[in-house]
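# Analysis of the macromolecular model
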Amino acid sequence: MTFLSRFLLLVVATGLCAGPAVAQQELLTDPEIYEKNHYAKRCDEVQYGGRFIDRIDINNDGIKDAVTNSSEIVCDGVRGPDCSAEGCPFNFYLQVKEGGYFMIATAQMYTYDFIKRFGNMVFVLKMHPRYCEREEGQEPCAMTVRVRGTKFLTISKK
């Protein structure tokens, strides 16, 4: 199963977990507060680095969204408690114009760049080599994706 298939499965599964009567997530007032509350319950002592949250317009709609980076968390002295050899979880949240945020995806990766290509902002996700059908120890995968609406679209993989 490719990264994109897993990624889309996660996005679909997230929508399905909302419950049978409601197919929509409850909006969060702020993903930073939401995630900090989560780690405050999980950790006795928690610290956040400067890149814990990026507030950027990820889907080119003119509204600032948010991306959280769990590698910037130190939980009880352990940096990136949910990180592995495949990277760390990054959560992607969209802000709606009425106010509030909802999570559109979680991706296990090393890092990302958010750059302008052909007039649109895109992510270049740096991921484990297996996401580009390479073996452990080889050059990381660089997957370029664009967020359109609430969906990630893969532009290229290197």
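You'll find the structure just up there.
This write-up is about the structure you can find in this document. Owing to the predicted nature of the structure, the values given are computational and were not obtained by experimental measurement.

This next bit is on the layout of surface pockets. Within this model, the second largest pocket holds a volume of roughly 200 Å³. Lining the second largest pocket are Tyr 34, Glu 35, His 38, Tyr 39, Arg 42, Ser 70, Asp 82, Pro 89, Asn 91, Tyr 93, Met 103 and Thr 106. At the level of secondary structure, the elements contributing two or more residues to the lining of the second largest pocket comprise helix H2 (31-42), strand S6 (88-95) and strand S7 (101-109). For the lining of the second largest pocket, the element with the most residues is H2, which contributes five residues. Here the lining of the second largest pocket is composed, by residue class, of five nonpolar, four polar and three charged.

Moving on, we come to H2. With twelve residues, H2 extends 17 Å between its outermost C-alpha atoms, agreeing within 8% with the 16 Å of an ideal straight helix rising 1.5 Å per residue. Buried residues belonging to H2 abut strand S1 (46-48), strand S3 (66-69), strand S4 (73-75), S6 and S7. Near the N-terminus of H2, the side chain that reaches the backbone nitrogen of Glu 32, with its oxygen 2.9 Å away, is that of Asp 30.

The next thing to look at is the sheet that holds strand S10 (residues 141-148). Sheet architecture is open: four strands sit in the order S8-S9-S10-S11, paired in antiparallel fashion. The open sheet terminates on both sides in strands that have one partner only, identified here as strand S8 (111-117) and strand S11 (151-157). Averaged over neighbouring strand pairs, the angle between their axes works out to 30° when direction is ignored. Here seven bridges tie S8 to strand S9 (residues 120-127), and the two strands are oriented antiparallel to one another. Bridge pairing in S9 links Asp 113 to Val 124.

All right, on to the pattern of salt bridges then. Going through the model one piece at a time under the given rule, you end up with eight salt bridges. Put simply, Glu 32 and Arg 55 hold a salt bridge, and the shortest N to O gap is 3.1 Å. Of this pair, Glu 32 sits in helix H2 while Arg 55 sits in the loop between strand S2 (53-54) and S3, and the two are 23 residues apart along the sequence. Looking at Arg 55, the relative accessible area reads 31%, which means it is partly exposed. We note a salt bridge from Lys 126 to Asp 113, for which the minimum N-O separation is 2.4 Å. You can see Lys 126 sitting in strand S9 and its partner Asp 113 sitting in strand S8, a full 13 residues away along the chain. Classification of Lys 126 as partly exposed rests on a relative accessible area of 28%.

What counts and how
Residues numbered from 1 in each chain as written. Predicted model: local features only at pLDDT ≥ 70, side-chain atom pairs only at ≥ 80, totals over all residues. Heavy atoms only, no water. 1 Å grid on protein atoms, 1.4 Å probe; cavity = no way out; pocket = protein on both sides within 12 Å on 5 of 7 lines; lining within 4 Å. Points joined across faces, edges and corners; volume = space filled by probe spheres on them. Helix = DSSP H or I, 4+ residues; strand = E, 2+ residues; numbered from the N terminus. Nonpolar A, V, L, I, M, F, W, Y, C, P; charged D, E, K, R; others polar. Expected span 1.5 Å × (residues − 1). Contact = heavy atoms within 4.5 Å. Polar contact = N/O pair within 3.5 Å; in protein donor to acceptor, adjacent residues only side chain to side chain. Pairing = 2+ DSSP bridges. Axes fitted to C-alpha atoms, helices over the stretch in contact; angles between N-to-C directions. Salt bridge = Lys/Arg side-chain N within 4 Å of Asp/Glu carboxyl O. Buried < 20%, exposed > 50% of the residue type's maximum accessible area, 1.4 Å probe, protein only.

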